[in-house]
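Next come the chains, spelled out residue by residue.
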Amino acid sequence: MATETHDAAGVCVDAGGSALGMPQLCADWMPNQIFWLLVTLIAIYFVMSRIALPRIAAVLAERSGTITNDLAAAEELKNKAAEAEAAYDQALLDARAEAQKIVAEAKEEIQAELSVELEKADAQIAAKTAESEAAIAEIRAGAVKSVTAVAKDTAKELVAAMGTTVDAKTITAAVNARMKG
Amino acid sequence: MLRNKRMTRVAEEKAEGGLVFHPLDQFIVKPLFGDGPVHWYTPTNLTLWMAIAVLAIVAVFVLGSRGRAVIPTRMQSLGELMYGFIYKMVEDVTGKDGVRYFPYIMTLFLFILFSNYLALIPMSYSPTSMIAVTVILGFGVFIAVTILGFVKNGTAFLGLFWMSDAPLFLRPIIAIIEVISYFVRPVSLSIRLAGNIAAGHVVLKVFAAFAAAVVISPAAILGIIAIYGLEILVCGIQAYVFTILTCVYLKDALHPAH
Amino acid sequence: MEGDLAHIGAGIAAIGSGLAALGVGNVAGNYLAGALRNPSAAAGQTATLFIGLAFAEALGIFAFLVSLLLMFAV
């Protein structure tokens, strides 16, 4: 019967090189698979337990140590930053108070100067006003006099034009009375 | 006989000239050098891919962490990620005293994970799809955990099967069920892993064979892409499940009271 | 023609994969429902979810294995 199955790779392969039955169940191959599996497992175990796992554990431990240290350092820095911020705030408050003081002083000074100047100006203005008023009064007096003279002349002319003659005294008295009235 | 029957069937398929596909051929163990018989020591394609897995693990974990940098490189952070993941899993599931067994669990996880993912490379070989391989893994875990349970707890380990908070008349029945489920553990552990990986690869191969037919090849190629994405997920999940179940069994051995 | 009977058996066994899909969907759906009710507890239960998924899926894989055996090993 199956003479050609024995000549090639084994009993579980036919002449065409394809599997007879399930290769998984071929008993002839099992010792080979088991042997190499054990070799592989032992190799992986030794690589892992001797080299890789201790190394990774060390790296992880170192990293967690580094992280702890870094966190502590960060905490310290944070505290420092908070301190600095407090100092800054204090300085800012101080500066603000100082500025306010300076502003108030300057305001006071300016106010004083201003009031002095204002007084001076007021006095000047008062003097000028008085002067002007005197001038105006003078002008007004001058004007009244001229008006009286003009009125007398006009009245005389008018009277003359009417054809009557009145002496100057009467006219002056009448004009003065009118001017007052 | 069985082989004869199979032979004739293959011959018939070939004679018909239809779709010929051999989705299981990818699992054939071949000697790397020559065409001799496969002895237990023969370097085979399985050896090659296991060696590649070992080299990949060395690349990630030894070369990657070579710098011992506090700020890790990509490779190193990949290794640290897996380390942290498995370490946390072991610690969470088994408790503080289970951490001693962390290197063994890490070895299992890495072997399964790297074998699974390397097997997704086209033309590669998937050691974790072989029943013999996963049975050794599963029964290895089972035997180690059972011995550990008896060494750590003595006969108190049998309390695992005796539910003291169940009604008295139910306890023997529950004990029988518990014993059966305890002995099914390694079987389900190994068949689950091998079955998942083998199933994914068989399905990929079947879709690949359909892709040879012109009419349905676009659909088949889309199917291959979809199944490949699913397989990427399954590979990770199976490695995770195997590892966490190992942790759960280890916890049972260390603390059989609950 | 025992071969044909074996193929029929393989097809019947493949139904088990679909049934496992029901189980997996059930596990994932219930997890999601619970996680949406109490999202804070969800993260702690992902391990349980995956264990449950693995157990549900393993039985489907058994069915698939039976199917494969019938196809290729009987």
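Please refer to the structure placed before this passage.
Description of the structure in this document. (Residues numbered from 1 in each chain as written. Chains lettered and ligands numbered in written order. Predicted model: local features only at pLDDT ≥ 70, side-chain atom pairs only at ≥ 80, totals over all residues. Heavy atoms only, no water.)

### Regarding a nonpolar patch on the surface
Residues and elements named next belong to chain B. On the surface, F139, I143, I147, V151, I176, I180, V184 and V187 cluster together to form a nonpolar patch covering roughly 720 Å² of accessible area. Listing elements by their share of the nonpolar patch, those giving two or more residues are α5 (131–153) and α6 (171–210). Structurally, the position occupied by V187 is in helix α6. (Patch = residues over 30% accessible without salt bridge, like charges linked within 9 Å, V, L, I, M, F, W, Y side chains within 5 Å. Areas by Shrake-Rupley, 256 points an atom, 1.4 Å probe, with all protein chains shown as cover. Salt bridge = Lys/Arg side-chain N within 4 Å of Asp/Glu carboxyl O. Helix = DSSP H or I, 4+ residues; strand = E, 2+ residues; numbered from the N terminus.)

### Examining the interface of chain B and chain A
Listed per partner, the contact involves 54 residues of chain B and 45 residues of chain A. Approximately 4,600 Å² of surface area, both sides summed, lies buried where chain B meets chain A, with 73% of it carried by carbon and sulfur atoms. Summed over the shared surface of chain B and chain A, the result is 1 salt bridge. Here B:E80 makes a salt bridge to A:R63, at a shortest N to O gap of 2.8 Å. At the boundary of chain B with chain A, the tally comes to 10 residue pairs in polar contact (both at pLDDT 80 or more). Of all the secondary-structure elements, those providing two or more residues to the side of chain B that touches chain A are α1 (2–16), α2 (45–63), α3 (74–94), α4 (102–118) and α5 of chain B. Looking at the side of chain B that touches chain A residue by residue, the classes come out as 35 nonpolar, 12 polar and 7 charged. (Contact = heavy atoms within 4.5 Å. Buried area = accessible area lost by both parts, 1.4 Å probe. Polar contact = N/O pair within 3.5 Å; in protein donor to acceptor, adjacent residues only side chain to side chain. Nonpolar A, V, L, I, M, F, W, Y, C, P; charged D, E, K, R; others polar.)

### Re the interface of chain B and chain C
Listed as interface residues are 20 residues of chain B and, on the opposing side, 17 residues of chain C. A buried area of about 1,800 Å², summed over both sides, lies between chain B and chain C, and 76% of it is on carbon and sulfur atoms. Where chain B packs against chain C, one counts 2 residue pairs in polar contact (both at pLDDT 80 or more). If you list the elements that add at least two residues to the side of chain B that touches chain C, you get α1, α6 and α7 (217–254) of chain B. Element by element, the count of residues in the side of chain B that touches chain C is highest for α7(B), at 8 residues. When grouped by side-chain class, the residues that make up the side of chain B that touches chain C number 12 nonpolar, 4 polar and 4 charged.

### Considering the pattern of salt bridges
It is possible for side chains of opposite charge to pair when their charged atoms get near one another. All names here are of chain B. Within the structure shown, the criterion is met by 4 salt bridges over all chains. The salt bridge partner of K96 is E91, with a shortest N-O separation of 2.6 Å. For E91, a relative accessible area of 24% translates into the label partly exposed. For R185, the salt bridge is made with D252, and the minimal N-O distance between the two is 2.6 Å. Of this pair, R185 sits in helix α6 while D252 is found in helix α7, placing the two residues 67 residues apart along the sequence. Residue R185 shares its accessibility class with D252, and that shared class is buried. (Buried < 20%, exposed > 50% of the residue type's maximum accessible area, 1.4 Å probe, protein only.)

### Some thoughts on the environment of B:I112
Residues and elements named next belong to chain B. For I112, the position within the fold is in helix α4. With a relative accessible area of 0%, I112 lands in the buried category. Sequence separation between I112 and T128 is 16 residues; the distance between their C-alpha atoms is 6.7 Å. Contact partners of I112, with chain neighbours within four places excluded, come to T128, L137, L193, A239 and F242.

### What about a negative patch on the surface?
Among the surface-exposed residues, A:D94, A:E98, A:E105, A:E108, A:E109, A:E113 and A:E117 lie close enough to one another that they form a single negatively charged patch. Within the secondary structure layout, A:E113 lies in helix α2 (residues 30–162). (Lys, Arg positive; Asp, Glu negative; His and termini not counted. Charge placed at Lys NZ, Arg CZ, Asp CG, Glu CD.)

### Considering the state of the cysteines
Residues and elements named next belong to chain B. In the structure shown here, the tally under the stated rule is 0 disulfides over all chains. With no disulfide of its own, C235 lies 20 Å from the sulfur of C247, the closest cysteine sulfur. Using a relative accessible area of 0% as the deciding quantity, one classes C235 as buried. (Disulfide = S-S within 2.5 Å.)

### Re the side chain of A:T40
Tracing the backbone through its elements, the reader meets A:T40 in helix α2. The exposure class assigned to A:T40 is buried, which follows from its relative accessible area of 6%. Those residues in contact with A:T40, other than ones at most four positions away along the chain, are B:M50, B:V54 and B:F111.

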